[in-house]
Amino acid sequence: MQKILILDFGGQYNQLIARRVRELQVYCELRPHTMTLEEIRRFDPIGIIFTGGPHSVYLPDSPRPDPGVFSLGVPILGICYGCQLLAQSLGGLVTAAQDASAREYGKTDTVFDPSCSLFRDLPEESVTWMSHGDYLARVPEGFRIAAHSAACPTAAICDEERRFYGVQFHPEVRHTAFGGEMLRRFLYAVCGARGDWTMADFKRRSVDALRQRVGSGRVLLALSGGVDSSVLAALLSEAVGRQLSCVFVDHGLLRKNEGDQVEAAFAGRSLDFRRVDAGARFLRRLQGVTDPEEKRHIIGEEFIRVFETEARTIGKVDYLAQGTIYPDVIESGLGQSAVIKSHHNVGGLPDFVDFKEILEPLRLLFKDEVRQLGRELGLPESLVARQPFPGPGLAIRVIGEVTEEKLRLLREADAIFRQEMARAGLDRSASQYFAVLTNLRTVGVMGDGRSYDYAIALRSVQTSDFMTADFTRLPWELLDRVSVRIVNEVKGVNRVLYDITSKPPSTVEYE
Ligand code: XMP
């Protein structure tokens, strides 16, 4: 399989670069810029991308690659900081933009030279996404200028002979009108990619590798019902079905009919599927608890206890399978950031079960690739195309104490919202949407009588990475329909609110 190496210089869009390359069906990995020349050689890339980053290349401590990387004969694309790094390393001059007008942030009209391989057959003028305070004042020998904007005379440079390219803008960001096409040209026209990264191939290779590795051993998987662990269950069942035990802990905090859907998806497969209905147990532990962090910790711990009990009845396990995916791997390699919420990831289980090794067959896949793999494995669309659902489930969407009655109200309201979103054809375009049961009770009038019932909040967001998000501009007619249906059909609710805050300052979930 051909590989692209993305050297990480700390830019905020780095994951996005990797996703775009994979979307173009070329395998890539994001690795730290400290990778040695020997490691790069062993990785054997067909091309290298230097990412952006927050530093200035002319400062002594700014991050740099091993200088030998320029002599490998492998094509290089430098993006933003990566472009400046490429230029400076090869004899160019990078300086801080002296006056504010030379700095560029945001959408910028840019003019391209179509004779450069990156821009061939693309419009000569289009919008790019810029974000830089430094600029390239002198182009290194062998390079020529391949794009400019009003404020930046060197928006792109290229040396076709050595196959080195630098762009000051961010082609990985959707705001760059032809960014994907530019990356495609780098991968296919410059690096000679064949597009051999497909989920069908990945599935075949993974099934073979898992059979080899597991041999006649026994595998245990904690199935949360989320996309990642469901796809992993399907992959393992295809590879080593008879040696696999899946423990699905239904904590009673799932959405309407969700537990049954998960069970149905695995019912026909030849594997040991165990659904543990532990709703009553979780509710008992949550009784009287109102603090969001306390709820999360209780659910995380209880999940482990239930799983542990079940695992003991299964007996000796050789491998524990976890649904770790690539963003988890990338993020755990970065610096510590403040804990806003302690995410309960049921994949992040144990050191308590007696097992030899951990299997993480999805650790190199992005979420959209996991979904694609799920389709290859024949999982139903209702499971594969699911929006993200937090491990603690509806417990963090019922504000305040969680009770059976409140869960019932929320499940019904949420199901109505989801139904209407699907009916309006918006279920795929919104990144995540759900109902929340607030602990606000207000006065209403129903028929001729007074009501004093709960308010439901509806939340729908647009985001590419869930780190930041904006609320979805839902049509009034849709909100109207959902509101009318909820107050009519869900007894105990007399008010519906729509949340119009972005993240930050809010978060996607309420707790
Ligand atoms: P927040 O609320 O932090 O959510 O803006 C960002 C994304 O993460 C999901 N989320 C969770 N996922 N366990 C998970 O597996 C959790 O504890 C958890 N809390 C939030 C949330 O649904 C959104 O997609």
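Treat the numbers as computed from the prediction; the structure is a model and nothing was measured.

Draft legend 1. Molecular detail of the packing of helix α5 (residues 199-214) against helix α11 (residues 367-376). Where α5 meets α11, the closest approach of the two axes is 9 Å, and the angle between their N-to-C directions is 75°. Relative to α11, the element α5 is oriented roughly perpendicular. For the pair α5 and α11, the contacting residues are M199, A200, F202 and K203 in the first and E369, Q372, L373 and E376 in the second. Of the residues in the contact of α5 with α11, the class split is 4 nonpolar, 1 polar and 3 charged.

Draft legend 2. How the structure looks around the packing of aromatic side chains. For the structure shown, the criterion picks out 14 aromatic pairs. Centroid distance W197 to F202: 5.6 Å. Interplanar angle 75°. Geometry classified as edge-to-face. Per residue, the accessibility class of W197 equals that of F202, and both read buried. Considering the side-chain rings of F248 and F273, the 6.2 Å spacing of their centres and the 40° angle between planes classify their relative orientation as tilted. Placement of the pair is F248 in strand β13 (residues 244-250) and F273 in strand β14 (residues 272-277), with a sequence separation of 25 residues. Here the aromatic residues F9, F50, F70, Y81 and F164 are joined through ring pairs into a cluster of three or more. A cation sits over an aromatic face here: K3 above F43, 4.7 Å from the ring centre.

Draft legend 3. A look at the side chain of S149. Mapping S149 onto the fold places it in strand β9 (residues 144-149). On the accessibility criterion, S149 (7% relative accessible area) is buried. Dropping the residues within four chain positions of it, S149 is found in contact with E104, T108, D109, T110, M130 and A155.

Draft legend 4. Fine view of unusual backbone geometry. Following K503, the chain continues into P504 via a peptide bond in cis, with omega recorded as -15°. Within the fold, P504 resides in the segment after β20 (493-498). Here the bond from P504 into P505 is cis, since omega is 10°, no more than 30 degrees from zero. Of note, P505 is situated in the segment after β20. With a phi angle near 65°, Q25 is a residue other than glycine that sits in the positive phi range. Secondary-structure assignment places Q25 in the loop between α1 (14-23) and β2 (27-32). Judged by relative accessible area, Q25 falls into the partly exposed class, the value being 38%. Positive phi, normally seen in glycine, also occurs at C80, with a value near 55°. Residue position: C80 is located in the loop between β4 (76-79) and α3 (81-89).

Draft legend 5. Here's a closer look at the sheet that holds β4. Here 9 strands make up an open sheet; going across it, the order is β2-β1-β3-β4-β11-β10-β9-β6-β7 and the pairing mixed. Taken across any chain shown, the strands that pair with only one partner, and hence form the sheet edges, are β2 and β7 (125-132). Ignoring strand direction, the axes of neighbouring strands in this sheet form an average angle of 25°. Here strand β6 (residues 104-112) runs beside β9; their pairing, made up of 3 bridges, is antiparallel. Residue pairing in the sheet places F112 in a bridge with A147 of β9. Against the sheet, α1 touches β1 (3-8), β2, β3 (47-50) and β4, its axis set at about 160° to β2.

Draft legend 6. Representation of helix α8 (residues 279-286) in the model. Taken residue by residue, α8 has F282, L283 and L286 as its buried positions. Viewed along the axis of α8, the buried residues span an arc of 100°, placing them on a single side of the element. Facing away from the buried surface of α8 by more than 90 degrees, the exposed residues are A280 and R284. Of the surrounding secondary structure, the elements contacted by the buried residues of α8 are β13, α9 (292-314) and α13 (404-423). Positioned one or two residues after α8, G288 has a phi angle of 80°, which is positive.

Draft legend 7. Highlighting the sheet that holds strand β16 (residues 357-359). If you walk across this open sheet you meet the 5 strands as β14-β13-β12-β15-β16, and the pairing is parallel. Here the strands that pair on one side only, and so sit at the sheet edges, are β14 and β16. Going across the sheet, the axis of each strand differs from the next one's by a mean of 25°, ignoring polarity. Against the sheet, helix α6 (residues 227-240) contacts β12 (219-223), β13, β15 (319-321) and β16, and its axis sits at roughly 155° relative to β12. On the sheet, helix α7 (residues 258-267) packs against β12, β13 and β14 and is oriented at approximately 170° with respect to β14.

Draft legend 8. The arrangement of empty space enclosed by the protein in detail. What the rule picks out here adds up to 1 cavity of 30 Å³ or more. As a volume, the largest cavity reaches approximately 30 Å³. Split by residue class, the lining of the largest cavity holds 6 nonpolar, 1 polar and no charged.

Draft legend 9. Layout of the packing of α8 against α9. Between α8 and α9, the least distance of the axes is 10 Å, while the angle of their chain directions is 145°. α9 is crossed by α8, and the crossing has right-handed handedness. Only K295, I298, I299, E301, E302, F303, R305 and V306 of α9 make contact with α8, whose side of the interface consists of R281, F282, R285 and L286. Looking at the contact of α8 with α9 residue by residue, the class counts come to 6 nonpolar, no polar and 6 charged.

Conventions we followed
Residues numbered from 1 in each chain as written. Predicted model: local features only at pLDDT ≥ 70, side-chain atom pairs only at ≥ 80, totals over all residues. Heavy atoms only, no water. Axes fitted to C-alpha atoms, helices over the stretch in contact; angles between N-to-C directions. Helix = DSSP H or I, 4+ residues; strand = E, 2+ residues; numbered from the N terminus. Parallel < 35°, antiparallel > 145°, perpendicular 65-115°, else oblique. Contact = heavy atoms within 4.5 Å. Nonpolar A, V, L, I, M, F, W, Y, C, P; charged D, E, K, R; others polar. Phe/Tyr/Trp six-rings, centres within 6.5 Å; stacked < 30°, edge-to-face > 60°. Buried < 20%, exposed > 50% of the residue type's maximum accessible area, 1.4 Å probe, protein only. Lys NZ or Arg CZ within 6 Å of the ring centre and 35° of its normal. Pairing = 2+ DSSP bridges. Arc of directions from axis to C-beta. 1 Å grid on protein atoms, 1.4 Å probe; cavity = no way out; pocket = protein on both sides within 12 Å on 5 of 7 lines; lining within 4 Å. Points joined across faces, edges and corners; volume = space filled by probe spheres on them. Left-handed = near helix turned anticlockwise from the far one by under 90°.

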